[in-house]
Amino acid sequence: MAVGANAGVDAGTEVPGLAGVPLLGSLFELKSDSLGTYLRARQRHGDVVRITAGPPGLRAELYCVFSPEGAQQVLASEAANFRKENPFYQEVRESFGNGLLTSQDEDYLRQRRLVQPLFTRRRVDGYAGAVAAETASVLAAWEEAPDGVVDVSDEMMHLALRAVARILFGTDVETTADVVARCFPVITDYVLRRGYSPANIPRHWPTPGNKRAAAAMDELYGVCDKIIAERRGAGADSPGEDLLTLLAAAKSSDDGEFDAGELRDQILIFLLAGHETTATSLCFALHLLARHPEQQDRAREEISRVLGDRTPEAADLDRLPYLTQVLKEAMRLYPAAPVIGRKAVAATRIGEYAIPAGADVILAPWVTHRHPGHWPDPDRFDPERFTPEAEAARPRYAWFPFGGGPRACIGQHFSMLESVIALAMILRAYEFEAVDTEIPVGAGITLRTNGPARCRVSRLDSRLDDSRQDG
């Protein structure tokens, strides 16, 4: 039984702790393989586990929650008690601004109210053409791939970045995509180093790392500020339907409008969340299908039957249920946000376990999505797990790649739209065979590949032409 944070919490059962080394706890385990450490913690101690890391005086104490019911409590039923106040989120704020991902309280509610009308299903469906155009460009480039081999991790990152940049910036896609591709890796690595370090030097100290990150942020902020100024200068005469133009025009009598700094914060967060997450889902969907030819053929048969030779549209999402199941299963095994952090404001209980006020709480979709109580043979790729009947039989938070509760990802429909359209076009054009059978991964701001994800691609219409000539 879960007791509310403000309902007079009793002591509860002490949370079991993961054994570590003297003085440093599980510091080295978390630094070398955090996702594996969380998996082992659940296997050894159950659904609520305490992990300590770091030397005395700088030690972090993490309360890890792995059950769907616990995730629902943290993200939904007691969401007000679990805030984005840990060092990691502070580093994201300082580098990428106080947009929807990091803002809280009235700032967050105001931003959400201003942004929500731009993310209705009807509005998002209008971006299908931009996604299809960028996917077609990637497919054309693959015809020149050396030996027919492509790294789907790199390629899907390129595709997702180009698509979100086109939707955000319209005709300014070329400049912005190049700057983001160059600057984002520098900034995200900087955020990760600082966010998970027990102590940091001030950002203004002129160390090489600080100077590299500052230069990258200056370049990225500069291009965003320049385009924002141009949009605002155009005013009502601007005919643009790109997301930045719409954000600049967003206003209400109660919430006012975004100033230039707030616009930049929203754009940076949309760039961060809007391309890395979708790229991860597409990368692993393709790589899993490359290793499972039967499921690849089934998905391709559905695509061919529904689409024929025409370009997919937003309305096709509901007509491609098996392809959607493939994507959901890829997001189960490789959730783009594998770890979610919160801080408990008040003492509460999760199940029988006491969570103290001020505790750093970790949710791990990477672990919950592999919970054997809800996912038989959890490491097996099986899109049939996501038939409507199978989904209805599971707890709501057995699968939560987009978070949940009042802070669920505002862009989840856009992510599914982009992923289904891109995957349909890719599988219709090419057959995939895995070159790298295993891909090492790690937890960054989003899930990241720590090695290549190469596939051999064969163009299907070329093979058909060859077979006709042989006949």
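See the structure printed just above.
Attention in this report is confined to the structure presented alongside it. (Residues numbered from 1 in each chain as written. Predicted model: local features only at pLDDT ≥ 70, side-chain atom pairs only at ≥ 80, totals over all residues. Heavy atoms only, no water.)

## So, the packing of helix H11 (residues 260-291) against helix H12 (residues 293-307)
Next, step 1: Where H11 meets H12, the axes come as close as 5 Å, and the angle between the chain directions of the two elements is 115°. Residue-level contacts link Leu289, Ala290 and Arg291 of H11 to Pro293, Gln295 and Gln296 of H12. (Axes fitted to C-alpha atoms, helices over the stretch in contact; angles between N-to-C directions. Helix = DSSP H or I, 4+ residues; strand = E, 2+ residues; numbered from the N terminus. Contact = heavy atoms within 4.5 Å.)

## Re helix H13 (residues 321-333)
Next, step 1: Taking 1.5 Å per residue as the helical rise, H13 with its 13 residues ought to reach 18 Å, and the 19 Å between its terminal C-alpha atoms agrees with that figure.
Next, step 2: The buried count for H13 comes to 12 of 13 residues, which makes it a mostly enclosed element.
Next, step 3: The secondary structure elements touched by the buried residues of H13 are H11, H12, helix H14 (365-368), helix H15 (388-392) and helix H16 (412-429). (Expected span 1.5 Å × (residues − 1). Buried < 20%, exposed > 50% of the residue type's maximum accessible area, 1.4 Å probe, protein only.)

## Section: helix H6 (residues 128-142)
Next, step 1: The end-to-end C-alpha distance of H6 is 22 Å, a good match for the 21 Å that 15 residues give at a rise of 1.5 Å each.
Next, step 2: Those residues of H6 that sit buried are Ala128, Ala130, Val131, Ala132, Glu134, Thr135, Val138, Leu139 and Trp142.
Next, step 3: The inward-facing, buried residues of H6 abut helix H5 (121-125), strand S4 (149-151), helix H7 (152-169), H16, strand S11 (430-434) and strand S14 (454-459).

## Observations concerning the packing of H11 against H13
Axis angle and axis distance: for two packed helices, these are the angle between their axes and the distance between the axes, and together they describe the pair.
Next, step 1: Between H11 and H13, the least distance of the axes is 9 Å, while the angle of their chain directions is 105°. Relative to H13, the element H11 lies roughly perpendicular. Across the interface between the two elements, Ser281, Phe284, Ala285, Leu288 and Leu289 from H11 touch Val326, Leu327, Ala330, Met331 and Leu333 from H13.
Next, step 2: Among the residues making up the contact of H11 with H13, the classes are represented as 9 nonpolar, 1 polar and no charged. (Parallel < 35°, antiparallel > 145°, perpendicular 65-115°, else oblique. Nonpolar A, V, L, I, M, F, W, Y, C, P; charged D, E, K, R; others polar.)

## Concerning the environment of Pro22
Next, step 1: Checked against the element boundaries, Pro22 lands in the segment before helix H1 (27-45).
Next, step 2: We classify Pro22 as exposed; its relative accessible area is 73%.
Next, step 3: Taking the C-alpha atoms as reference points, Pro22 and Pro55, 33 residues apart in sequence, are found 9.1 Å from one another.

## A short note on the sheet that holds S4
Next, step 1: The strand order S4-S14-S11 describes an open sheet built from 3 strands, whose pairing is antiparallel. Only two strands of the sheet have a single partner each, and these edge strands are S4 and S11. Across this sheet, the average inter-strand angle for adjacent strands is 40°, counted without regard to direction.
Next, step 2: Bridging between S11 and S14 involves 5 bridges; their strand directions are antiparallel. Counterpart to Phe432 in the pairing with S14 is Val457.
Next, step 3: H11 rests against S11 and S14 of the sheet, and its axis sits at about 75° to S11.
Next, step 4: Across the sheet, H16 touches S11 and S14, and the angle it forms with S11 is around 90°. (Pairing = 2+ DSSP bridges.)

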